[in-house]
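For reference, the chains in residue letters:
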Amino acid sequence: MMLCTDSVASEGDDALRSLHCTSSLEELRSSDFVIEAIVESEDVKKKLFCDLDKIVKPSAILASNTSSISITRLASSTTRPRQVIGMHFMNPPPLMKLVEIIRGADTSDETFTITKTLAQRFGKTVICSQDYSGFIVNRILMPMINEAFHTLYTGVATKEDIDAGMKLGTNHPMGPLELADFIGLDVCLSIMRVLQAGFGDSKYGPCPLLVQYVDAGRLGRKRGIGVYDYSKVPEPIKPSARL
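- An unreviewed UniProt entry annotates the protein as 3-hydroxybutyryl-CoA dehydrogenase isoform X2 originating from Rhodamnia argentea.

## What to know about the pattern of salt bridges
- In this structure the tally under the stated criterion is 12 salt bridges.
- A salt bridge links Asp-32 to Lys-57, with the nearest nitrogen and oxygen atoms 2.6 Å apart. Residue Asp-32 is found in the loop between helix H1 (6-17) and strand S1 (33-36), and its partner Lys-57 is found in the loop between helix H2 (42-55) and strand S2 (61-64); the two are separated by 25 residues along the sequence.
- A salt bridge links Asp-109 to Arg-103, with the nearest nitrogen and oxygen atoms 2.6 Å apart.
- Asp-109 gets classed as exposed once you look at its relative accessible area, which sits at 54%.
- Where salt bridges share partners, they join Glu-36, Glu-40 and Lys-45 into one cluster.

## A look at the pairing of strand S5 (residues 125-129)
- Pairing between strand S4 (residues 98-103) and S5: five bridges, direction parallel. In the sheet register, Ile-101 faces S5, and the bridge partner there is Cys-128.

## Some details on the sheet that holds S1
- Taken in spatial order, the five strands line up as S1-S2-S3-S4-S5 in an open sheet, and their pairing is mixed. Strands with a single pairing partner mark the edges of an open sheet, and in this sheet they are S1 and S5. Across the sheet, the axes of successive neighbouring strands diverge by a mean angle of 30 degrees, strand direction being ignored.
- In the packing of H2 onto the sheet, contacts are made with S1, S2 and strand S3 (84-89), and the angle to S2 comes to roughly 165 degrees.

## Re the packing of helix H7 (residues 176-183) against helix H8 (residues 185-199)
- Remark: H7 packs on H8, axes separated minimally by 6 Å, with the N-to-C direction vectors making an angle of 100 degrees. Classified by the angle between their axes, H7 and H8 sit roughly perpendicular to one another. Contact residues: H7 offers Ala-180, Asp-181 and Ile-183, while H8 offers Leu-185, Val-187 and Cys-188.
- Among the residues forming the contact of H7 with H8, the class breakdown is five nonpolar, no polar and one charged.

## Looking at the packing of aromatic side chains
- Summed over all chains, the structure comprises three aromatic pairs.
- Residues Phe-89 and Phe-122 carry aromatic rings whose centres are separated by 6.4 Å and whose planes lie at 35 degrees to one another, so their mutual orientation is tilted. Highlighted residues: Phe-89 in strand S3 and Phe-122 in the loop between helix H4 (109-121) and S5, separated in sequence by 33 residues.
- Using a relative accessible area of 14% as the deciding quantity, one classes Phe-89 as buried.
- Here Phe-122 falls in the partly exposed class, since its relative accessible area comes to 43%.
- Their ring planes at 80 degrees and their centres at 6.3 Å tell us that Phe-149 and Tyr-213 sit as a pair that is edge-to-face. On the criterion of sequence distance, the pair formed by Phe-149 in helix H5 (residues 137-153) and Tyr-213 in helix H9 (residues 208-215) is long-range, its members being 64 residues apart.
- Look at Phe-149 and you get buried, because its relative accessible area is 0%.
- Under the relative-accessibility criterion, Tyr-213 is labelled buried at 13%.
- The ring of Tyr-213 is capped by Arg-218, whose NZ or CZ atom sits 4.3 Å from the centre of that ring.

Criteria and thresholds
- Residues numbered from 1 in each chain as written.
- Predicted model: local features only at pLDDT ≥ 70, side-chain atom pairs only at ≥ 80, totals over all residues.
- Heavy atoms only, no water.
- Salt bridge = Lys/Arg side-chain N within 4 Å of Asp/Glu carboxyl O.
- Helix = DSSP H or I, 4+ residues; strand = E, 2+ residues; numbered from the N terminus.
- Buried < 20%, exposed > 50% of the residue type's maximum accessible area, 1.4 Å probe, protein only.
- Pairing = 2+ DSSP bridges.
- Axes fitted to C-alpha atoms, helices over the stretch in contact; angles between N-to-C directions.
- Contact = heavy atoms within 4.5 Å.
- Parallel < 35°, antiparallel > 145°, perpendicular 65-115°, else oblique.
- Nonpolar A, V, L, I, M, F, W, Y, C, P; charged D, E, K, R; others polar.
- Phe/Tyr/Trp six-rings, centres within 6.5 Å; stacked < 30°, edge-to-face > 60°.
- Lys NZ or Arg CZ within 6 Å of the ring centre and 35° of its normal.

What follows is the structure, encoded as structure tokens:
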């Protein structure tokens, strides 16, 4: 059971009071900095950036939380490519310290400096990547996850042994298949396709088993089933605000 002190609860209450939820882009008109974190689809993101470009003030910066899509191409859908940047938060953001910052071809030094400073104000550690498919983390991580699927697909080992091998053999906190379920298999597949298209290399081709699971709707934890079945996992005890 988790205990929550009065001071921590107060901080949480203050944070919630500072949030304002809206379903209207028009309410972003006066924003200085907008971070997009929608579905990992280039066409959908471009449409949103195009709409935001027409709504927010000319000085505003538009950042994307994309995990793989070209910032340069997203910026091309706006009239302010110098003020478009990638700001990729690792998931889940409240727990993960890392933010990848990605400059597009036209991103200005001022935009980069403001974005880096903002990320550091959030208490994040910043790494910087050039605008190539997958950036740093997912260019390395997703082929590893894809290879784990190939290892399962070809019958080399069970999913449990694959995950245990990587956790205990390489000191990863989570096995690659378990991590894929956490991320979402549809997201993993989307990123692999971005890598394959971006580099034109067959080594980035998604494993047929990964494709099959996504086609079957086995998307991971968010659907209750992916590589693993979560339907029988008990709900965690929800802590009280004050005990």
